[in-house]
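Chain residues, written in single-letter form:
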Amino acid sequence: MSRLPADLAKLQEIIEGHARAYGLDFFPVVFEILDYRMLNQVASYGGFPTRYPHWRFGMEYEHLSKSYSYGLSKIYEMVINNDPCYAYLLECNATVDQKLVMGHVYAHCDFFKNNLAFSRTNRKMMDDMANHATRIRRAMDRHGVETVESFVDLALSLDNLIDPHAPFIVRDRPDAGEEPSRPVAQRMKSKSYMSDFINPPHLIAAEQKRLEAEAAARRRKFPAQEVRDILRFLIEHAPLENWQRDVLAIVRDEAYYFAPQAQTKIMNEGWATYWHSKMMTEKMLTDSELIDYADHHSGTLGGRGRLNPYKLGVELYRDIEDRWNRGRFGKDYDECDDLRERARWDRKLGLGRDKIFEVRRVCTDVTFIDDYLTEEFCREQKLFNFDHNPKTGMYQISDREFRKVKQRLLMQLTNQGQPIIQVADANHRNRGELLLRHVYDGVELKHDYARETLRNLHRIWGRPVALLTVVDEKSRIVSFDGEDFEEKDSADKVA
Amino acid sequence: MILRIDQDHNRFRQIVRGRIKQDLKRYISSGELIGRRGKDLISIPLPQIHIPQFIYGKKQQGGVGQGDGAPGTVLGPGEKDGGNQGAGDQAAEHLLEVDVSLDELAEMLGEELELPAIKPKGRKNIVAARDRYVGISRYGPEGLRHFKRTYKETLKRTIRTGNYRPEHPLLMPIRQDKRYRSWKSALLPQANAAILYMMDVSGSMGEEQKEIVRIESFWIDTWLRHHYKGVEIRYIIHDAEAREVDRETFYHTRESGGTVISAAYRLAARMIEQDYPSEEWNVYGFHFSDGDNWSQGDTEECVTLLKSQLLPRVNQFSYGQVESPYGTGQFLVDLKEALGSDERIALSKIENKDGIYQSIREFLGRGR
């Protein structure tokens, strides 16, 4: 890695000044300039110079290298959430691109620092990633590359089974300490001489027995509440060797580190795009660079038919800014049904800039869309739903109805587009088997993958595993006992 | 420069080729990138391994998009569900596949058969192309500008156009005046290889036998080309007589008549003597026949030729005997008896197409 050449260092200083003047607030940014091979390597490692050895990084690298050498795509920039923030520039980019990229990077960095979803992420992840690499290499030295790598494969098979909200809330508070008091059957109030008639002793005794059995059952139930952070549950309760526990912990750490980036894809890219375009058009563009800039900027925002997070994000920020500048929000505006007046509506509040800074602080993609995607915006941006038409085998536009579009969009963003799976019972059938429950929300799991994942889970749990889910619109339990899969209808409701 | 990622990348390639971690094999899918070369769309194969996870089944799920179009507007084809696709009404986009390069192929071959890398013989193994500045060109990078020549050109032009004033000799070079150093890559001696293919085309060698020879020689070519900068290939066919032919003829001629193998060996020996002195060339001889020689006397003649003329001059001489319904296969037995202990000769019996695999390993497995 080389130091930044003088011209770019100068540029960095200028751009940093602009970013600060606009009110962006960021960690120190360190730019590194890399050739395409190095950049592809860094990108394959998810932005980090050092990761543990694993073939999937090589797979990513092959993809990036092939796309690059056939001219299909190229990475302009990489930036990682760390303090200081590291960003990588592609050596062969023209100056105008470097400007754009640097502006973009400062906005990303501001977002990392200020968005609340990132507030619990590890800001020294660069160091930790290197430590992870050392730990896994050490395990490989001790137990063999093949053994450790295969276990990493297993862990990765489960690395979406985390609870992205866990850093912010305490899910299970430890009990007050003492055993919960023995349940006592309720008696009806009565005079003492009437007591045996109003509360017949044999009924009370039966009730008492029932309550105690229930309490015992509750105590036997483990975990007491369903657990979403399955990786953590396995680390704590699966019969693993220490190095295996360590591998799971590493994979889990990294999954939590990357989770907020998946939660804020639209917001983050939108924010960066908003600011690079602002800086470029208001401050930095020279005449000779205009065409190239316009070309690359529109390239970023393009994409035929597909929803582009850069585009959606930046347009939504601009829309919010405009609405809050003109006071197009609140009860009065919402209740105004005179279309002409609505179109003319301008209270000259000038709150736009403050509002988008607030939005970038408190929202994730879900709340960003939920709170600010309006019907007008949906119409102006020509959003639509598309579906698969089984007759023609083609995807086609199904409707442009605001509610449906927004609902579908939110569906896709919920839990980063991943199904919610929870540990329901770790002592399933009272045999120490693991039962997971898929919290069904209308979309079924990819069945063959689910089976294979169960197979992997079995290798970690060591006892039969089962998944309660929905297959072909029926509640089913899919289980794997180490040799065979079994599938049967389930009486339990999934949802 | 070796990158850290290369290790991961190698590992991935090995998994894809099924060399290691067989249990991941069932997760491999053959993706592709669609690229463009000139007017053609090309498909770039991109194998992927998907680690299974609990994810939503796509089942032709829809989504949200952005753009023009009324409800019903077709956006694009869905993923193939496999099986009953039905006849489409659109012409398929014609895709050219970007194959693996021959070099990659050779590497795979090497890995698959566990072939050792060839070590070219002795002092012929000098491969170094050195760039030397030998000329002057009108174009080049500023770093290589030849100041003196540029100055001269500028001076000449200024005088020619009458702008030169001796009392104020200001010279302004323009684009056309500039001269740059240019270089040539000096060709230094390098490891060269010559391959001589000999094939029996007598009546007993049928189409199937030739097919085997074709396939096998393709792989041999690929492997040797991978190791040598310059490879020359010559083809000899023989029945009762031997002659040199071009590649096309070599593979497609069908003659009839008897078989006198020594004729071919004699011709090969002459070629080597004339064109491929063994100080400069790594020579490989490959002879394919069905093993039916004209007479025992000729076989003895062959052995003598091999011993005295061919073997001392080649890296390796390989004889592949292709099973045919007519041949007796005696030649292989005789060679083995006479020369079996000589490590410069490789003998192989190819019973059918499946035997090619083993045979290539026998021929190339010695790293000579």
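Just above, that's the structure.
Residues numbered from 1 in each chain as written. Chains lettered and ligands numbered in written order. Predicted model: local features only at pLDDT ≥ 70, side-chain atom pairs only at ≥ 80, totals over all residues. Heavy atoms only, no water.

**Points about the packing of aromatic side chains**
And step 1. This structure, assessed with the given rule, holds 39 aromatic pairs over all chains.
And step 2. With a centroid separation of 6.0 Å and 65° between ring planes, the pair formed by Phe31(A) and Tyr106(A) is classed as edge-to-face. Of this pair, Phe31(A) sits in strand β1 (residues 29-34) while Tyr106(A) sits in helix α4 (residues 95-114), and the two are 75 residues apart along the sequence.
And step 3. Relative to Tyr235(B), the ring of Tyr197(B) has its centre 5.7 Å away and its plane inclined at 20°; by these criteria the two rings are stacked. With Tyr197(B) in strand β8 (residues 192-200) and Tyr235(B) in strand β9 (residues 230-238), this residue pair connects regions lying 38 residues apart in the sequence.
And step 4. Judged by relative accessible area, which is 0%, Tyr197(B) ranks as buried.
And step 5. Classification of Tyr235(B) as buried rests on a relative accessible area of 5%.
And step 6. A connected cluster of aromatic rings, assembled from ring pairs, spans Tyr22(A), Trp271(A), Tyr274(A), Trp275(A), Tyr317(A), Phe357(A) and Phe368(A).
And step 7. Directly above the aromatic system of Tyr333(A) lies the positively charged group of Arg342(A), at a separation of 4.4 Å from the ring centroid.
And step 8. The ring of Phe485(A) has Arg451(A) lying over it, and the distance from NZ or CZ to the ring centre is 4.8 Å. (Phe/Tyr/Trp six-rings, centres within 6.5 Å; stacked < 30°, edge-to-face > 60°. Helix = DSSP H or I, 4+ residues; strand = E, 2+ residues; numbered from the N terminus. Buried < 20%, exposed > 50% of the residue type's maximum accessible area, 1.4 Å probe, protein only. Lys NZ or Arg CZ within 6 Å of the ring centre and 35° of its normal.)

**Notes on the pattern of salt bridges**
Side chains that differ in sign of charge can pair as their charged atoms come close.
Residues and elements named next belong to chain A.
And step 1. A full pass over the atoms with the stated rule returns 46 salt bridges over all chains.
And step 2. Residues lysine 311 and glutamate 315 are paired through a salt bridge, measuring 3.1 Å at the closest nitrogen-oxygen approach. A residue pair is termed a helical-turn pair when its members lie 3 or 4 positions apart in one helix, as lysine 311 and glutamate 315 do in helix α13 (residues 309-326) at 4 residues. (Salt bridge = Lys/Arg side-chain N within 4 Å of Asp/Glu carboxyl O.)

**A few points about the packing of helix α5 (residues 125-143) of chain A against helix α10 (residues 242-263) of chain A**
All names here are of chain A.
And step 1. It is at 11 Å that the axes of α5 and α10 come closest, and there the two elements cross at 155°. Accordingly, the angle class assigned to the pair α5 and α10 is roughly antiparallel. For the crossing formed where α5 meets α10, the hand is left-handed. Touching Met125, Met129, His132, Arg135, Ile136, Ala139 and His143 of α5 are Trp243, Asp246, Ile250, Asp253, Glu254, Tyr257 and Phe258, all from α10.
And step 2. Each residue belonging to the contact of α5 with α10 can be placed in one class, and the counts come to 8 nonpolar, 2 polar and 4 charged. (Axes fitted to C-alpha atoms, helices over the stretch in contact; angles between N-to-C directions. Parallel < 35°, antiparallel > 145°, perpendicular 65-115°, else oblique. Left-handed = near helix turned anticlockwise from the far one by under 90°. Contact = heavy atoms within 4.5 Å. Nonpolar A, V, L, I, M, F, W, Y, C, P; charged D, E, K, R; others polar.)

**Thoughts on the nonpolar core**
And step 1. In this structure, Tyr52(A), Leu234(A), Leu248(A), Leu434(A), Leu436(A), Ile460(A) and Phe54(B) are the most contacted members of the largest nonpolar core, which totals 78 residues.
And step 2. No other element matches α10(A), which puts 9 residues into this core.
And step 3. Apart from residues no more than four positions distant in its own chain, Leu436(A) is found in contact with Ile230(A), Ile421(A), Gln422(A), Val423(A), Ala424(A), Leu457(A), Ala466(A), Leu467(A), Leu468(A) and Phe54(B).
And step 4. In terms of nonpolar packing, the next biggest core, distinct from the first, is built from 61 residues, Leu100(A), Met102(A), Tyr317(A) and Phe402(A) among them. (Core = buried A, V, L, I, M, F, W, Y, C linked by side-chain atoms within 4.5 Å.)

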